[in-house]
Amino acid sequence: MSSDTIFGKIIRREIPANIVYEDDLCLAFKDVHPQAPVHILIIPKKNIPQLSAATAEDQNLLGHLLLTAKQIAEQVGLKNGYRLVINNGQDGGQTVDHLHCHLLGDRALGWPPG
Ligand code: AMP
């Protein structure tokens, strides 16, 4: 069951998105407000509101999200590296309550984050 968030609506095709990858477990699409030349969100189809709500049952799914992010990074040619970000909860800066992993790349990224 997908969530009742904007990402749930994207999974159910109720609103459009620029989808770059999909399989049985996850969906990846371009972020509407990109923070880097490449900014793609990888989300599980399962309704997990945030990383801290994941359980041991989600172990394979979480691994799948990371490996999918790696595969997409290769496909879009991020040869010099990239960053994966999961914002969790209020202090983490999470704004959409459906677990998502940001794939950012194609520019040098600063550290520490703001
Ligand atoms: P976070 O702040 O980690 O919760 O990230 C949420 C991200 O979702 C932000 O980078 C937004 O720009 C992005 N976003 C919000 N609505 C959409 C949408 N309809 N399609 C694509 N990305 C979106």
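So, here's what we can say about the structure. If you're wondering where the values come from, they're calculated on a predicted model, not measured in any experiment.

Regarding the packing of aromatic side chains
The geometry of an aromatic ring pair comes down to the distance between the two centres and the angle between the two planes.
And then number 1: Tallied over the full model, the rule gives 1 aromatic pair.
And then number 2: Relative to Phe-29, the ring of Phe-7 has its centre 5.3 Å away and its plane inclined at 75 degrees; by these criteria the two rings are edge-to-face. Taken as a pair, Phe-7 in helix 1 (residues 6-11) and Phe-29 in strand 2 (residues 26-30) lie far apart in primary sequence, 22 residues in all.

Looking at the nonpolar core
And then number 1: Counting residues in each nonpolar core, the largest one holds 16 residues, and the members touching the most others are Ala-28, Ile-40, Ile-42, Ile-72 and Leu-103.
And then number 2: The element best represented in this core is helix 2 (residues 59-75), accounting for 5 residues.
And then number 3: Residues in contact with Ala-28, not counting those within four places in the same chain, are Asn-18, Ile-19, Val-20, Tyr-21, Ile-40, Leu-41, Ile-42 and Ile-72.
And then number 4: Counting 8 residues, the second-largest nonpolar core is a separate cluster that includes Ile-10, Leu-27, Phe-29 and Ile-43.

Quick word on the pattern of salt bridges
Any two side chains of opposite charge can pair if their charged atoms end up close together.
And then number 1: With the rule as written, the count across this model stands at 8 salt bridges.
And then number 2: Taking the shortest distance from any N to any O, the salt bridge between Arg-12 and Glu-14 comes out at 2.8 Å.
And then number 3: Glu-14 gets classed as partly exposed once you look at its relative accessible area, which sits at 48%.
And then number 4: We note a salt bridge from Arg-13 to Glu-22, for which the minimum N-O separation is 2.6 Å.
And then number 5: On the basis of relative accessibility, which here comes to 45%, the residue Arg-13 falls in the partly exposed class.

Comments concerning the pairing of strand 5 (residues 101-105)
And then number 1: Within strand 5, 5 of the 5 residues are buried, which leaves the element mostly enclosed by the surrounding structure.
And then number 2: Relative to strand 5, strand 3 (residues 38-44) runs antiparallel, the two sharing 5 bridges. Looking at the pairing, Ile-42 lines up with Cys-101 of strand 5.

Quick notes on the rules
Residues numbered from 1 in each chain as written. Predicted model: local features only at pLDDT ≥ 70, side-chain atom pairs only at ≥ 80, totals over all residues. Heavy atoms only, no water. Phe/Tyr/Trp six-rings, centres within 6.5 Å; stacked < 30°, edge-to-face > 60°. Helix = DSSP H or I, 4+ residues; strand = E, 2+ residues; numbered from the N terminus. Core = buried A, V, L, I, M, F, W, Y, C linked by side-chain atoms within 4.5 Å. Buried < 20%, exposed > 50% of the residue type's maximum accessible area, 1.4 Å probe, protein only. Contact = heavy atoms within 4.5 Å. Salt bridge = Lys/Arg side-chain N within 4 Å of Asp/Glu carboxyl O. Pairing = 2+ DSSP bridges.

The analysis is restricted to geometry; functional conclusions fall outside its scope.
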